[in-house]
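Read off the chains here:
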Amino acid sequence: MSASVENDTLISKKRTRTLVTNLINTLKSKNIMPEAETNRFLEQVDRFSRNPPIAWSKVKPLPSSKVASFDVLESCPDNSEVIHLLLDKVCVIKLNGGLGTSMGCRGPKSAIEVKNEYTFLDMAVSQIQYLNIKYGVDVPLLLMNSFNTHEATEVYVKKYESHNINIITFQQSCYPRVDQDTLLPLPQRKYHSEDKHLWSPGGHGDVYASLYQSGVLENLIKRGKEYVFISNIDNLSATIDLKILYHIMQQECEFCMEVTRKTRADVKGGTLVEYDGKFRLLELAEVDKKNVAEFYKFDYFNTNNLWVNLRGIQRLIAPGALQSDVIVNRKNLPGDRKVLQLETAAGAAIKHFGSALPLKVPRSRFNPVKMTSDLFIVQSNIYNIKHGTLSMNKERKIANIPLVKFGPELKTVANYRIHFESGPPDVLELEHLTVSGDVHFGTGVVLKGTVIIVASDGSRIDIPPGAVLNNVVVTGSLKIVEH
């Protein structure tokens, strides 16, 4: 989940009561949603109205003693029978509800080409199919789609019918957006595709209820599956790790959240803290403006790689005990219409599991592609790809991934491809790259150290083929200055 700092969570009690009343009256009188989904949404609204705001004095950094470290976990035995047994008990869910709009693309984000003609979904399928073939198992891939992605995904997955993989799709809830001023729900009739801007998915925290309501959860348990590995479709490094799977099954851990140390690039996303003595996933949208600076100081960042016991979900979801904190996100629709949408986060369920485990993993387990600058890094020679899995190029001697920033001219995939017509340059020795303005890269360019290239308005910079830029600033006149 993501939110801007301006998402002030403090809605007055009076306005909250008005919101609840408006939603109950509209949804029950106009019958615009299926009954089960209406009840689930209204329960969520009621829960939001009753939940007090975050008491910042109760928010504490997560003690390191309560965080396990991937580095010291016992390795999974190198025994094919043991590995077969482990993999036979697991399934994978990719959260596939997002569109590629942040990169100027239409349709499901999972269909964007990422590397070597592989899309996000191709990579996920390739990873799991490789395990199925190598170990003779049946690890199914589940895709939780939203109303935005479901139809296109159903068509797209037909290409895998001959592959050694069982793909199961199910749909998350579709909830009405709310006008920020009137607090009235925007849709006044049942969902129609031409009205999709009036609706929103319920956040990825909806995965548990949707898995249960669809009947998929029960079927997985009947097939002998015990754990589900949940991750975002755009996190290219979220793969089944036998070391983690072996540990949580040995320890009978019902919920494991992979966390990693924050970097300067992590300006969004939740952080795991201790709240009233319990684990709590704290999202930026829940934080009062005056506490945002403190929020950024917390160490542990939620990768949204989650390992959850299926029977644990079933035990909690059936009686309605798996109730995550509700987050209000503000959005702007075309025409500057301001709306609210209620969401939940999948990781917030950690507080409901007594045997929950935060697991500190290497940064290499978290490699999301949110912007074209992320795509640039993945497509570069920093990474190799094999069986759908990325691995760091051994020729890169610098431990950290370079920090890359693009100006608005390169924010869409279409424009990015025009400016890097021959693909990304050689960046094995790059530490920081900033590109702004109308900048074009020739074939065989090499970037090293810190490189800043800024073309002023109305000018164009062409980096010639074979150029080597090492710790330089390049201006509109193509003048190169030592940096």
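Read on for an overview of the structure. This structure is a prediction, so every number in the text was calculated from the model and none was measured.

Scanning the protein chain from N- to C-terminus turns up 12 helices and 27 strands. With 483 residues in all, the protein chain has 56% of them scored as buried. For the protein chain, long-range pairs separated by at least 24 residues make up 71% of all intrachain contacts whose partners lie at least 6 apart in sequence. In the structure as shown, the protein chain presents an accessible area of about 21,800 Å², 49% of it carried by carbon and sulfur atoms. Here the protein chain contributes 58 positive and 52 negative side-chain charges, whose respective centroids are spaced 4 Å apart.

According to the stated counting rule, one finds 0 disulfides in the structure shown. With no disulfide partner, C256 has as its closest neighbouring cysteine sulfur the one in C253, 5.4 Å distant. Residue C256 is classed as buried on the basis of its relative accessible area of 0%.

Glancing now at the side chain of E254. Looking at the element boundaries, E254 is found in the loop between α8 (242-251) and β12 (255-261). Given a relative accessible area of 15%, E254 falls into the buried group. Dropping the residues within four chain positions of it, E254 is found in contact with Y227, W307, V308, N309, G312, R315, F353 and S355.

Our focus in this paragraph is helix α10 (residues 310-317). In an α-helix, one turn spans 3.6 residues, which is why side chains three or four residues apart end up on the same side. Turning to α10, its buried residues number three or more, namely L310, G312, I313, L316 and I317. Around the axis of α10, the buried residues are gathered within 160 degrees of arc, so they sit on the same side. If you follow the buried residues of α10, they end up packed against β3 (90-96), α6 (207-213), α7 (216-222), β11 (227-232) and β15 (300-309). Put simply, N309 is the residue that caps the front of α10, since its side-chain oxygen is 3.0 Å from the backbone nitrogen of R311.

This brings us to empty space enclosed by the protein. As enumerated under the stated definition, the model contains 2 cavities of 30 Å³ or more in all. Space inside the largest cavity adds up to approximately 60 Å³. Considering the residues around the largest cavity, the lining is formed by K94, F120, M123, A124, Q127, I233, N235, L236, A238 and G388. The class makeup of the residues in the lining of the largest cavity is 6 nonpolar, 3 polar and 1 charged.

As a further point, take the packing of aromatic side chains. In this structure the tally under the stated criterion is 15 aromatic pairs. When the centroid spacing of 5.7 Å and the interplanar angle of 65 degrees are considered together, the rings of F295 and Y296 count as edge-to-face. Exposure remark for F295: the relative accessible area of 1% places this residue in the buried category. Relative accessible area serves as the criterion here: at 32%, Y296 is assigned to the partly exposed category. Members of the aromatic cluster, joined through ring pairs, are F376, F406, Y416, F420 and F441.

All right, on to the nonpolar core then. Across soluble globular proteins, nonpolar side chains have a tendency to be buried as a group. If you look at the biggest cluster of nonpolar residues, it comprises 77 residues, and the most contacted ones within it are L87 and I463. I93, L142, I317 and L322 belong to the second largest nonpolar core, which has 40 residues in total.

Let us now look at the pattern of salt bridges. Inspection of the entire model under this criterion finds 23 salt bridges. For the salt bridge of R337 with D179, the shortest nitrogen-to-oxygen distance reads 3.3 Å. One end of the pair, R337, is in strand β17 (residues 337-343); the other, D179, is in strand β9 (residues 178-179), and 158 residues separate them in sequence. Using a relative accessible area of 39% as the deciding quantity, one classes R337 as partly exposed. Taking the relative accessible area as the measure of exposure, D179 reaches 10% and is therefore buried.

Here N304, not a glycine, exhibits a phi torsion of approximately 65 degrees, which is positive. With respect to the secondary-structure elements, N304 resides in strand β15. A positive phi angle is found at H387, which is not glycine, with a value near 55 degrees. Its location among the elements puts H387 in the loop between β19 (383-386) and β20 (389-392). For H387, a relative accessible area of 35% translates into the label partly exposed.

A few words now on the sheet that holds strand β16 (residues 327-333). Strands sit in the order β9-β17-β16 across an open sheet of 3 strands; the sheet is antiparallel. The open sheet is flanked by β9 and β16, the only strands paired with a single partner. Bridging between β9 and β17 involves 2 bridges; their strand directions are antiparallel. For D179, the partnering residue across the bridge sits in β17 and is V339.

Looking now at the packing of helix α3 (residues 80-87) against α8. Here α3 crosses α8 at 75 degrees, and the two axes come no closer than 10 Å. Taken together, the axes of α3 and α8 lie roughly perpendicular to each other. Across the interface between the two elements, I83, L86 and L87 of α3 pack against L242, L245, Y246 and M249 of α8. Partitioning the contact of α3 with α8 into residue classes produces 7 nonpolar, no polar and no charged.

Side-chain alternation along strand β7 (residues 167-171) places I168 and F170 on a buried face and I167, T169 and Q171 on a face that remains uncovered. Two strands pair when backbone bridges link them, and strand β6 (residues 141-145) and β7 are joined in this way by 5 bridges, in the parallel orientation. For M144, the partnering residue across the bridge sits in β7 and is F170.

Moving on, we get to helix α4 (residues 120-135). Its 16 residues place the ends of α4 23 Å apart at the C-alpha level, agreeing with the 22 Å of an ideal helix rising 1.5 Å per residue. Judged by how many residues are buried, α4 sits mostly within the fold: 13 of 16 residues are covered. Looking one or two places after α4, you find G136, whose phi comes out positive at around 65 degrees.

Side-chain alternation along β19 places Y383 and I385 on a buried face and N384 and K386 on a face that remains uncovered. Where β19 hands over to β20, the hairpin turn is made up of 2 residues, of which H387 adopts a positive phi near 55 degrees.

What counts and what doesn't
- Residues numbered from 1 in each chain as written.
- Predicted model: local features only at pLDDT ≥ 70, side-chain atom pairs only at ≥ 80, totals over all residues.
- Heavy atoms only, no water.
- Helix = DSSP H or I, 4+ residues; strand = E, 2+ residues; numbered from the N terminus.
- Buried < 20%, exposed > 50% of the residue type's maximum accessible area, 1.4 Å probe, protein only.
- Contact = heavy atoms within 4.5 Å.
- Areas by Shrake-Rupley, 256 points an atom, 1.4 Å probe, with all protein chains shown as cover.
- Lys, Arg positive; Asp, Glu negative; His and termini not counted.
- Charge placed at Lys NZ, Arg CZ, Asp CG, Glu CD.
- Disulfide = S-S within 2.5 Å.
- Arc of directions from axis to C-beta.
- Polar contact = N/O pair within 3.5 Å; in protein donor to acceptor, adjacent residues only side chain to side chain.
- 1 Å grid on protein atoms, 1.4 Å probe; cavity = no way out; pocket = protein on both sides within 12 Å on 5 of 7 lines; lining within 4 Å.
- Points joined across faces, edges and corners; volume = space filled by probe spheres on them.
- Nonpolar A, V, L, I, M, F, W, Y, C, P; charged D, E, K, R; others polar.
- Phe/Tyr/Trp six-rings, centres within 6.5 Å; stacked < 30°, edge-to-face > 60°.
- Core = buried A, V, L, I, M, F, W, Y, C linked by side-chain atoms within 4.5 Å.
- Salt bridge = Lys/Arg side-chain N within 4 Å of Asp/Glu carboxyl O.
- Pairing = 2+ DSSP bridges.
- Axes fitted to C-alpha atoms, helices over the stretch in contact; angles between N-to-C directions.
- Parallel < 35°, antiparallel > 145°, perpendicular 65-115°, else oblique.
- Expected span 1.5 Å × (residues − 1).

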